[in-house]
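# Coordinates in review
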Amino acid sequence: MFDFFLNVIGRDMGIDLGTANTLIYVKNRGLVMNEPSIVAIDKENKRILAVGSEAKTMVGRTPGNIIAIRPLKDGVIADFDTTERMLRYFIQKVHRNMAIARPRVVICVPSGITAVEKKAVIEAIEHAGARSAYTIEEPLAAAIGSNLPVDEPTGSMIIDIGGGTSEVAVISLGGIVAYQSLRIGGDELDEAIIYYLKKENNLLIGESTAEKIKMEIGSAFPLENEGKMEVNGRDLVTGLPKTIIITSQQMRSALEKTLNDIINSVVEVLDITPPELSSDIMKRGIVLSGGGALLKGLPERISRETHCPVFIAPEPLGAVALGAGKCAEDFNTLKRYLRYLR
């Protein structure tokens, strides 16, 4: 009876604690939050001034006494205290009964995470207000959230490209058969654009501008209608504001090396996959999730390199959080996918 009370008042939740964004799924309510994993802090007194979307508007625009930081890097915690405070803010924002009963939390972690890094995630979420915390590997969560038949004796391949990590995995009978976890993702694509414009055009741009360029004209494969875009930045020679026109062909060149690293990992995972599962993947195809799945031409590029059909998940941005949320919704049935550290 007491457990029933806790589950009603302290509703279980699934959290996708991402390098770029944090998504929260609350039991019986669905996805309730998608906020940037950014915190604005006053350097003098360490006071948090803004979290999430409000903090993101401050990136690159703060005075000397304020810093806007991402407390996670490459999918793992880089600043423990700030991560804990950010999580507490997010959990309290979506959970109104924290003082009465604390929620049980399922949180997603990269498949290549170390035991120390995983323990840091567990401690951060418990310090932030969870009564207990369980982890699930991101590719498995993404597969569950993408409605793949993870329990069946058939091969399902998922590629989850987040802000800080890219996860490639083949799943069968509820477990990961073969995988690679790369600590590169959407952030590296943005950095590649910044580096390209600096090198080729002597133009310095910020992270937000690079992300906008990637979303508007970035591509992994030749497009039917190639685009162009006006970009504002600072001339590295004169130090003055400068405007240039860039094309989608140029951005494809900028992104080539990072995309090759991701695609090579897909090929390597296929190479170590048992032949029976490989034939399943050839028939069923590969599923893309995460923000990187939305890069124009990426399904076509991966399909050309692997000779397999490639599809985008029904909800690519929320697939990982949805998978964690499904485990929270049906905890007793799906807890076999979870890990509990103590």
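Quick look at the structure, then. Every value quoted in this text rests on a predicted model; they were computed, and no experiment measured them. (Residues numbered from 1 in each chain as written. Predicted model: local features only at pLDDT ≥ 70, side-chain atom pairs only at ≥ 80, totals over all residues. Heavy atoms only, no water.)

### Topic: the sheet that holds strand β1 (residues 13-17)
Strand order in the open sheet made by the 5 strands is β3-β2-β1-β9-β10, with mixed pairing throughout. Of all the strands in the sheet, just β3 (30-36) and β10 (132-137) have a single pairing partner and so form its edges. Across the sheet, the mean angle separating the axes of adjacent strands is 20° when strand polarity is ignored. Where β1 and strand β9 (residues 104-109) come together, 3 bridges link them in parallel fashion. From the neighbouring strand, methionine 13 faces β9, where its bridge partner is valine 105. Contacts from helix α5 (residues 138-145) reach β1, β9 and β10, with the element oriented near 85° to β10. Sitting on the sheet, helix α11 (residues 319-329) touches β1, β2 (21-26), β3, β9 and β10, and the angle it makes with β1 is about 155°. (Pairing = 2+ DSSP bridges. Helix = DSSP H or I, 4+ residues; strand = E, 2+ residues; numbered from the N terminus. Axes fitted to C-alpha atoms, helices over the stretch in contact; angles between N-to-C directions. Contact = heavy atoms within 4.5 Å.)

### A look at the nonpolar core
Counting 43 residues, the largest nonpolar core has Met157, Leu197, Ile205, Ile213, Val231, Ile246 and Met251 as its most contacted members. No other element matches helix α8 (residues 248-271), which puts 9 residues into this core. Val76, Val105, Ile122 and Ala128 belong to the second largest nonpolar core, which has 28 residues in total. (Core = buried A, V, L, I, M, F, W, Y, C linked by side-chain atoms within 4.5 Å. Buried < 20%, exposed > 50% of the residue type's maximum accessible area, 1.4 Å probe, protein only.)

### Quick look at the pattern of salt bridges
As enumerated under the stated definition, the model contains 14 salt bridges in all. Linking lysine 56 and glutamate 211 is a salt bridge whose minimum nitrogen-to-oxygen distance equals 3.4 Å. Of the two residues, lysine 56 is situated in helix α2 (residues 53-56) and glutamate 211 in helix α7 (residues 207-217); the sequence distance between them amounts to 155 residues. With its nearest N and O atoms 3.6 Å apart, the salt bridge here joins aspartate 235 to lysine 242. Owing to a relative accessible area of 23%, lysine 242 belongs among the partly exposed residues under this scheme. Where salt bridges share partners, they join Glu256, Arg301, Arg304 and Glu305 into one cluster. (Salt bridge = Lys/Arg side-chain N within 4 Å of Asp/Glu carboxyl O.)

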